[in-house]
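Letter by letter, the chains look like this.
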Amino acid sequence: MPLAIQAFFVSLLFFSSIASAAIVEHVFQVKNVVVKPLCKEQRIPTVNGSLPGPTINVREGDTLVVHVINNSTFSITIHCPWMDGANMITQCPIQPRNNFTYRFDITGQEGTLFWHAHVVNLRATLHGALIIRPRSGRPYPFPKPYKEAPLVFGQWWDTDIEQLNLRPAPICDAYLINGLAGDSYPCSENRMFKLKVIQGKTYLLRIINAALNTHLFFKIADHNVTVVSVDAAYTTPYGSDVMILTPGQTVDALLTADQPIGMYYMSIIPYLSASSLAPAPPRKVINSLIVYKGATSTTSPSRSLMPSQINSVSTAHRFSSNITSLVGGPYWTLVPRHVDEKMFVTMGLGLEQCPSETKCAGPSGQRITGSLSNRTFLMPGTISLQEAYFYNISGVYTDDFPDQPPIKFDYANFRVHTDSEKKMIFPERKTSVKTLKYNSTVEIVVQNTGIITTESHPMHLHGFNFYVLGYGFGNYVPARDAKKLNLVNPQMHNTVGVPPGGWVALRFIANNPGAWIFHCHMDAHLPYGIIMAFIVENGPTPETSLQPPPSNLPQCTHDPTIYESPTTNVGLSY
Ligand SMILES: [Cu+2]
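Residues numbered from 1 in each chain as written. Predicted model: local features only at pLDDT ≥ 70, side-chain atom pairs only at ≥ 80, totals over all residues. Heavy atoms only, no water.

## Section: the state of the cysteines
Here comes step 1: Using the criterion set out here, one finds two disulfides in the structure.
Here comes step 2: Disulfide partner of cysteine 39: cysteine 187, at an S-S distance of 1.9 Å. Across the S-S bond of cysteine 39 and cysteine 187 the torsion is about 95 degrees, and the bridge reads as right-handed. Residue cysteine 39 is located in the loop between β2 (23-35) and β3 (42-47), and its partner cysteine 187 is located in the loop between β10 (174-177) and β11 (194-197); the two are separated by 148 residues in the primary sequence.
Here comes step 3: The disulfide bridge from cysteine 354 ends at cysteine 360, spanning 2.0 Å between sulfur atoms. Across the S-S bond linking cysteine 354 and cysteine 360, the dihedral sits near 85 degrees, which makes this disulfide right-handed. (Disulfide = S-S within 2.5 Å. Helix = DSSP H or I, 4+ residues; strand = E, 2+ residues; numbered from the N terminus.)

Structure below.
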């Protein structure tokens, strides 16, 4: 069975009528090639034969055109109202031997994003950097770096990619930095990414966590970095010796080569916040290298002391909660004070009945699932959500996603005392959406539950950036926590890690008409259904209304086996 690949570009934010500075055109040939990051050769799908895939360089104001030619055995899609690439949300995937051209106006955003195939197995190898620089003549809001370097973190399974369509995904075999496993793994000791630097110069690292399922700490031996942008939104310069990136997050940071001439490890290590549910990969440090000009290779590189399991949660929280937006910087906007829609959404794992004659790996022999406000999202089967909305086709979804979970309980310290609490373990399976008026301000408090286990879930919203007004541990208590929210300089994100057993408060303006999903960016959790969708109604003008789909929008094949689980679909995402 061919797998459906979905290429989608995360969060195309604001569509404006400003004339484009340039048209940047790329051809993405999706084709299978043989690679050998560890000891065995593996055949993997790639874009243009490289892992990671090609870096796209644009300037703010440009139009990006990506011709996707699907020469693989997989089906594909990419993302913009009709090009969001969210499989079965805005379109059906591009089938093998078919093509589709995506067009995006890159406006109102600068920094680093990444394009990727959107579902479990294919994003593993189909991803790359999307770098948006200021339009010509406009400086960065920080000192100009001497050079720039993308650092793309990936996760590697030393197996046939088609074997990865499993639920849940097996433990990975390695992590890669710019496609290389480095000296922590067999057969790859001498293949390590090396960044050559000149003492005294400053470099802009464009760091992307393209791993499917793992938050990663990143640290450079003996060097501090200054974070200047997260998720392509400028930050107040923030000095740190360590950073955390959830799957899907990006960080731009300045590194000054201010140490004695030598070699220094740049390392990542997984941050595993779940308390014991799934077997964890061995905690191993994965290395790349900074090599100063003039360094001799006879001395061994300096190592970083990576966060240990014990202090990981506090280290991750310190980094995430200290990032603030660059007030008055490019594209900075005031936080809207008036809120039209207030939502309190519980998020976490749950169970569903194990089908008869099947063995399920979850607690009590059941199958693990997940939910938002006790609803497990059921992907539409035969037509995308956006087409169902646009053509007014009934029976595809219900417009009843609730503003509150069905009951109040001790969310973070879940224990079953009552029958209704027991029901919280077995969420309802439904394709339900919340409809928003154009330009309404939405506040969402996402509350992590302790059902099954607490874990940091990186929640990602398509179509919008959101302000992160606050993070906390335990239950969100409005009377106590609402007044502590940061309405002055909250950082904008498209992906945010909800602390294990804690909460985040988000706000966004629904100014992009269409169907948009809000989901956990750990691909292993997509089939769990930790997803919901918004439908943003049209605004008052044609420019603020959802346009008809392009005539060549890929159609569904009506082969339900392709769509029954989002794990079979991948998106190129930015
Ligand atoms: Cu998750």
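Read on, since the account is not over.
## Topic: the packing of aromatic side chains
Here comes step 1: One pass over the structure, following the stated rule, counts 17 aromatic pairs.
Here comes step 2: For the pair tyrosine 146 and tyrosine 203, a centre-to-centre distance of 5.8 Å together with 85 degrees between the ring planes defines the contact as edge-to-face. Placement of the pair is tyrosine 146 in the loop between β8 (127-133) and β9 (147-156) and tyrosine 203 in strand β12 (residues 202-209), with a sequence separation of 57 residues.
Here comes step 3: For tyrosine 146, a relative accessible area of 39% puts it in the partly exposed group.
Here comes step 4: Taking the centre distance of 5.3 Å and the plane angle of 55 degrees together, the rings of phenylalanine 217 and tyrosine 271 count as tilted. With phenylalanine 217 in strand β13 (residues 215-220) and tyrosine 271 in strand β18 (residues 263-271), this pair connects stretches of sequence that are 54 residues apart.
Here comes step 5: On the basis of relative accessibility, which here comes to 0%, the residue phenylalanine 217 falls in the buried class. (Phe/Tyr/Trp six-rings, centres within 6.5 Å; stacked < 30°, edge-to-face > 60°. Buried < 20%, exposed > 50% of the residue type's maximum accessible area, 1.4 Å probe, protein only.)

## A few points about the coordination of the copper ion
Here comes step 1: Bound to the copper ion on the protein side are His457 (ND1), Cys520 (SG) and His525 (ND1), at distances that span 2.1 Å.
Here comes step 2: The motif formed by the donor residues of the copper ion, counted along the single chain, is H-x62-C-x4-H. Pair noted here: histidine 457 is in strand β26 (residues 457-461) and cysteine 520 is in strand β31 (residues 514-520), with a separation of 63 residues, a long-range link.
Here comes step 3: In this structure histidine 457 comes out as buried when scored by relative accessible area, which is 0%. (Donors = N, O, S within 2.8 Å, 3.2 Å for Na, K, Ca; no water.)

## Observations regarding the side chain of threonine 431
Here comes step 1: Mapped onto the fold, threonine 431 is located in the loop between β23 (428-430) and β24 (433-436).
Here comes step 2: At 2.5 Å, the side chain of threonine 431 forms a polar contact with the backbone oxygen of leucine 378.
Here comes step 3: Beyond its immediate stretch of four places on either side in the chain, threonine 431 contacts Phe377, Leu378, Met379, Pro380, Leu385, Val396, Tyr397 and Thr398. (Polar contact = N/O pair within 3.5 Å; in protein donor to acceptor, adjacent residues only side chain to side chain. Contact = heavy atoms within 4.5 Å.)

## A look at the sheet that holds strand β15 (residues 233-240)
Here comes step 1: Overall, mixed pairing links the six strands, which are arranged β10-β9-β12-β17-β14-β15 in an open sheet. A strand with exactly one partner marks an edge of an open sheet, and here the two such strands are β10 and β15. Strand after strand, the sheet turns through a mean of 20 degrees between neighbouring axes, direction not considered. (Pairing = 2+ DSSP bridges. Axes fitted to C-alpha atoms, helices over the stretch in contact; angles between N-to-C directions.)

## Digging into the pattern of salt bridges
Opposite charge on two side chains permits them to pair, given that their charged atoms come into close proximity.
Here comes step 1: Inspection of every chain in the model, using the stated rule, returns 15 salt bridges.
Here comes step 2: Aspartate 241 is the partner of lysine 219 in a salt bridge, and the nearest nitrogen-oxygen pair spans 3.8 Å. Here the residue lysine 219 occupies a position in strand β13, and aspartate 241 occupies one in the loop between β15 and β16 (242-245), the gap between them amounting to 22 residues.
Here comes step 3: Bridged by salt links that share partners, the residues Arg133, Glu148, Arg206 and Asp252 form one connected network. (Salt bridge = Lys/Arg side-chain N within 4 Å of Asp/Glu carboxyl O.)

## Section: the environment of arginine 59
Here comes step 1: The residue arginine 59 is located in strand β4 (residues 56-59) in this model.
Here comes step 2: C-alpha separation for the pair arginine 59 and glycine 111, spaced 52 residues apart in sequence, amounts to 9.6 Å.
Here comes step 3: The contact partners of arginine 59, leaving out residues within four places of it in the chain, are Ile106, Ile132, Arg133, Pro134, Arg135 and Ser136.

## Topic: the sheet that holds β31
Here comes step 1: Taken in spatial order, the five strands line up as β24-β32-β31-β26-β29 in an open sheet, and their pairing is mixed. Two strands lie at the open edges of the sheet, namely β24 and β29 (495-498), each paired on one side alone. Taken pair by pair, the neighbouring strands of this sheet meet at an average axis angle of 20 degrees, ignoring direction.

## A few points about helix α1 (residues 312-322)
Here comes step 1: Looking at α1, one finds that the buried residues are Ser312, Thr315, Ala316 and Phe319. All buried residues of α1 lie within an arc of 95 degrees about the axis, which places them on one face of the element.
Here comes step 2: The inward-facing, buried residues of α1 contact β13, β14 (225-230), β15, β16 and β18. (Arc of directions from axis to C-beta.)

## Focus on the pairing of strand β17 (residues 250-256)
Here comes step 1: β17 sits mainly inside the fold: six of its seven residues count as buried.
Here comes step 2: The sheet contact formed by β12 and β17 spans seven bridges and is antiparallel. By the bridge assignment, isoleucine 208 is partnered in β17 with threonine 250.
Here comes step 3: As paired strands, β14 and β17 are joined by five bridges and run antiparallel to one another. By the bridge assignment for β17, valine 225 is matched with leucine 255.

## Topic: the environment of threonine 369
Here comes step 1: Relative to the assigned elements, threonine 369 resides in strand β21 (residues 367-372).
Here comes step 2: Given the relative accessible area of 2%, threonine 369 is considered buried.
Here comes step 3: Separated by 159 residues in the primary sequence, threonine 369 and tyrosine 528 place their C-alpha atoms 4.3 Å from one another.
Here comes step 4: Not counting residues within four places of it along the chain, the set of residues in contact with threonine 369 comprises Leu349, Gly350, Leu351, Glu352, Thr376, Pro427 and Tyr528.

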